[in-house]
Structures are given as structure tokens and as C-alpha cells.
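Single-letter residue listing:
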Amino acid sequence: MNSANDTPARNTKVMNRFDLTSRLIAKLKNEEAVIGGIGNTNFDLWAAGHRPQNFYMLGSMGLAFPIALGVALAQPNRRVFALEGDGSLLMQLGSLSTIATLAPKNLTMIVMDNGIYQITGAQPTPGAAVADIVAIAVACGLANSAWAADEEDFERLIEQCMSAAGPALIGVRIDDKPGVGTTRRDPVQIRERFMHGMGVREPL
Amino acid sequence: MAVAEEKNSPGTSEKSTSESSTSEKSWHGIVLQSLKRNDIRLVPYVPDRVLTTLIRNLHADPFFTTFPAAREEEAVGIVSGAWMAGMRGAVLMQTSGFATLANVLASLAVPYQIPLIMFVSERGTLGEFNYGQSLVCRTMRPVLDSLAMEHHTATRLDEFEFIVDRSIKQAIATQAPVALILSPLLTGGKVFDK
């Protein structure tokens, strides 16, 4: 556990990314879209069981929430989840204000916060010791933002967001474990399968 | 979506500008009409002085969902997600904004075969007064060429509709990004005393 992670800003239970991702996927019954940010975030999404409604990023760090916003705007009747790491989100904090302004009610953002760039050698992020991602989100205008206290609280927040009147953001403090699986790095297939999953085109 | 549409177009409450400003006779009128003709509804942007009238007219037209993004790559992410979910989009930006895009072009738009349509207002040439702008402008075409991306520099009004309409159709048909660079020869550009 990174000591930089033990701050008042993040004094919730330290959970596990794969476990939380699996809990999320288990709750999806309506072909909800899930956008997985780069690295471990989408590795664990892949490991939790591939679904055509999953989109796996292989680069463009920080764009999970913007990509999810685009999906949410295009399909307002489909619930969209985005999984992003704290380091990735720090690259694109401006997107939180954009999302707060557009306020799509079908978008839920989940920030996996371990305070480190796990995949590059577990170096602490610049915000690890001081920044509170949920407080930042609230200040950006995302009023429905909260830290999940533990796994049960995470599941409760997921259920709550399903009927929310605006976008929701859930912060989860996670351990320093790497992802459980490895996404097959085939961008065209990933994109094509996702489009099938979104119902916008048929397989060849 | 209704909530989002209400909130994302602050310009819709403004009175629409005169009909002539959206006519096909102006470069920005051609952009707007070509977007519409090709069912491109989602237009996030990072503003530029030259794009002011186009942005205002997009906000005034309920056909479009248009809004500012904090960064150009954020806007690229948004239209990429929207396209995969069945809604077409285009991004408006300035030359210096394009210069922030190499990573997202190389890791999202090109490898995932996403028909990203970009309109880039060209600063840095033909009367530029800011040395930094002229330098950043010189990075744009080498980046586009290094990824073998389709790009056109529009300089003439009489060719413009052909370039815009055909480029949009080609991007979608071939699932490949395109950059349409709006030269000061077309738009008038930005001059020192403004």
C-alpha cells in the first residue's frame, strides 16, 4: 500500500479493482455500455468477462470519460459507465466540467484511485498525497459524486445511479495490484464489436 | 437527453443571426449546411476568433448539439464515442489546438478506424503576428502526413463546398479521419489589430 494514499482525502476502505469491476458487471442487466480507461482499468474490465458493450482503450490516456460522454449523448436511453484511473483523470480534469455542464443523466463515472501509476512502476501521482478526486468532481459541478466506503457501499451507489437525475461519479480507493487479465490489443475488432454491442451495425 | 440539450447550447437563447450569415455563400454557411446534409449533429469545439460566427450559428440551430470542450483531445474523445454509438460528429479548433492531438490521433482515431472530422482554423501563416503561432502551424501538416491522414487546405470559396461535402463522405465511407484546414485565404484569418 502506498503511504501517499493514506490521507484524510481518501480515508475509505482500500478495495480491489478487479473485485469492484466484477461487482459492477454482475449488476448490468440492460446492455449497459462500459468504457474502460487505459491499462489496468480495462485489463480488469476484460478479465471480468468480455461483453460486446465494453470498449477497451489502448492509448489516449484520460479519455475514458469523454468517450463515455459521447456514447451517453448518442444513446440517451442506454446507461453508460466509464472506468478511469486517478492518474488518467488528472490528465483530463477539464472533462469533468464539460460533463457537469451537459449533465447527461445516463452517465456514471467510476474513478479507481490508488494514488499511483501502477503499470509504469507504481510511482505516486502528483495528486496522491493531497488531491481529493471526489471533491474536485463536486467543485466541477458534479454534485452527485461520492467516495464508496466499502464494497457494499459501492454496490449501493451503483444501484442508486441507475435512476439518477444527473451524471454520477463514484470514487473508490483501491490497492496497488496490477490488472488480472490482458486485453487483446486489436483496436479495429474492439471498436467493431462495441458498435455491434451498441446496436448501430450488424456483424459482416 | 432533453436536459442535456437544454444545458449544452447556451447560444440557443440568443437571437438567430441574419439569414445571410448562414447562407451557402459564406464559408461558415457552407460548413453548417454540409454538416447538416451529412447528418453530423454533434459539434464540440475549442473556440477560435475566426470560428466565432460558425459557432454562434451552430448554437442557434437546434439540429446541432454543440458545446465547448476544455481541450481538443477531449472533443475528439467525445465525437469518437458518439460515432461508435451511432451519432455523427465533427470537432472545431485552431491550429495550436491541433498541435495537442498527435497522441489521440495515433492511439484512437487512426488505429480504431474512426471517421474523425476536424475543421482547423489556420493560424500562423499569411500575416501571422505571433511567432509562436507561426511555429506551431508548421507542425500541423508533418503530423498529419506522418500518420498518412487525409487533409485538405481550403483556400477558395468556389471549391469549398465540394471539399467539405466530399471529405465528410469519404471519412465516413472509409472510416478514416480527415482534417479540413481553413486557410486565411478562405476565412480572412485573424489580423494584428483585432
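Numbering of residues starts from 1 in every chain and runs along the sequence as written. Note on labels: chains are lettered from A, ligands numbered from 1, in written order. Given that this is a predicted model, residues contribute local features only at a pLDDT of at least 70 and side-chain atom pairs are listed and counted only at 80 or more, while totals for whole chains, interfaces and linings are drawn from all residues.

1. What about the nonpolar core?
Quick reminder of the rule: Under the definition applied here, buried Ala, Val, Leu, Ile, Met, Phe, Trp, Tyr and Cys residues are grouped into a nonpolar core through C-beta atoms within 7 Å. Field definition: a residue is buried when 20 or more other C-beta atoms are found within 10 Å of its C-beta, exposed when 12 or fewer are, and partly exposed for counts in between, with C-beta atoms placed from the backbone. Segments assigned H or I by DSSP are reported as helices when at least four residues long, segments assigned E as strands when at least two residues long, and all are numbered from the N terminus. Our contact criterion uses C-beta atoms placed from the backbone: two residues qualify when those atoms are within 7 Å.
The biggest cluster of nonpolar side chains holds 116 residues, and the ones touching the most others in it are Ala68 and Val71 of chain A. Ranked by residues supplied to this core, first place goes to helix 3 (residues 64–74) of chain A with nine residues. Apart from residues lying up to four places away in sequence, alanine 68 of chain A is in contact with Ile35, Val80, Ala82 and Leu107 of chain A together with Gly81 of chain B.

2. Observations regarding the sheet that holds strand 4 (residues 107–113) of chain A
Residue and element names in this part refer to chain A. Defined as follows: Strand pairing requires that DSSP identify at least two bridges connecting the strands. A fitted line through C-alpha atoms serves as each axis, taken over the contacting stretch for helices, and the angle formed by two N-to-C directions is quoted from 0 to 180°.
Pairing within the open sheet is parallel, and its six strands lie in the order 2-1-3-4-8-7. Only two strands of the sheet have a single partner each, and these edge strands are strand 2 (54–56) and strand 7 (145–147). Taking the axes of each pair of neighbouring strands and ignoring which way they run, one obtains an average angle of 15° across the sheet. As paired elements, strand 3 (residues 80–85) and strand 4 share six bridges and run parallel to each other. Across the sheet, residue glycine 85 finds its bridge partner in strand 4, namely methionine 112.

3. Comments concerning unusual backbone geometry
Glycine aside, residues mostly have negative phi angles, and peptide bonds mostly take the trans form. Phi at alanine 122 of chain A takes a positive value of approximately 65°, unusual for a residue other than glycine. Structurally, alanine 122 of chain A is set in the loop between strand 5 (116–117) and strand 6 (123–124). On the basis of neighbour counts, which here come to 13 C-beta atoms within 10 Å, the residue alanine 122 of chain A falls in the partly exposed class. If you check the backbone angles, leucine 126 of chain B has positive phi at about 55° while not being a glycine. Here leucine 126 of chain B is to be found in the loop between strand 5 (117–121) and helix 7 (131–146).

4. Details of the environment of glycine 127 of chain B
All names here are of chain B. Tracing the sequence through the fold places glycine 127 in the loop between strand 5 and helix 7. With 13 C-beta atoms packed within 10 Å, glycine 127 lands in the partly exposed category. On a C-alpha basis, the gap between glycine 127 and lysine 190 in space is 8.2 Å, while along the polypeptide they are 63 residues apart. The residues contacting glycine 127, other than those within four sequence positions of it, are Pro184, Gly189 and Val191.

5. Re the confidence of the model for chain A
Counted only if it meets this: Along the chain, pLDDT gives the predictor's confidence residue by residue, from 0 to 100.
With 95% of its residues at a pLDDT of 70 or more, chain A shows a mean pLDDT of 95. In this model, residues 1–5 of chain A is a region of pLDDT below 50 whose contacts with residues beyond four sequence positions or in other chains number 18 contacts.

6. Overview of the interface of chain B and chain A
Definition in use: When residue character is reported, Ala, Val, Leu, Ile, Met, Phe, Trp, Tyr, Cys and Pro are called nonpolar, Asp, Glu, Lys and Arg charged, and the others, Gly included, polar.
Taken together, the contact pairs 30 residues of chain B with 32 residues of chain A. Among the elements that take part in the side of chain B that touches chain A, helix 4 (residues 72–84) of chain B stands out by supplying nine residues, more than any other. Looking at the side of chain B that touches chain A, its residues break down into 17 nonpolar, nine polar and four charged.

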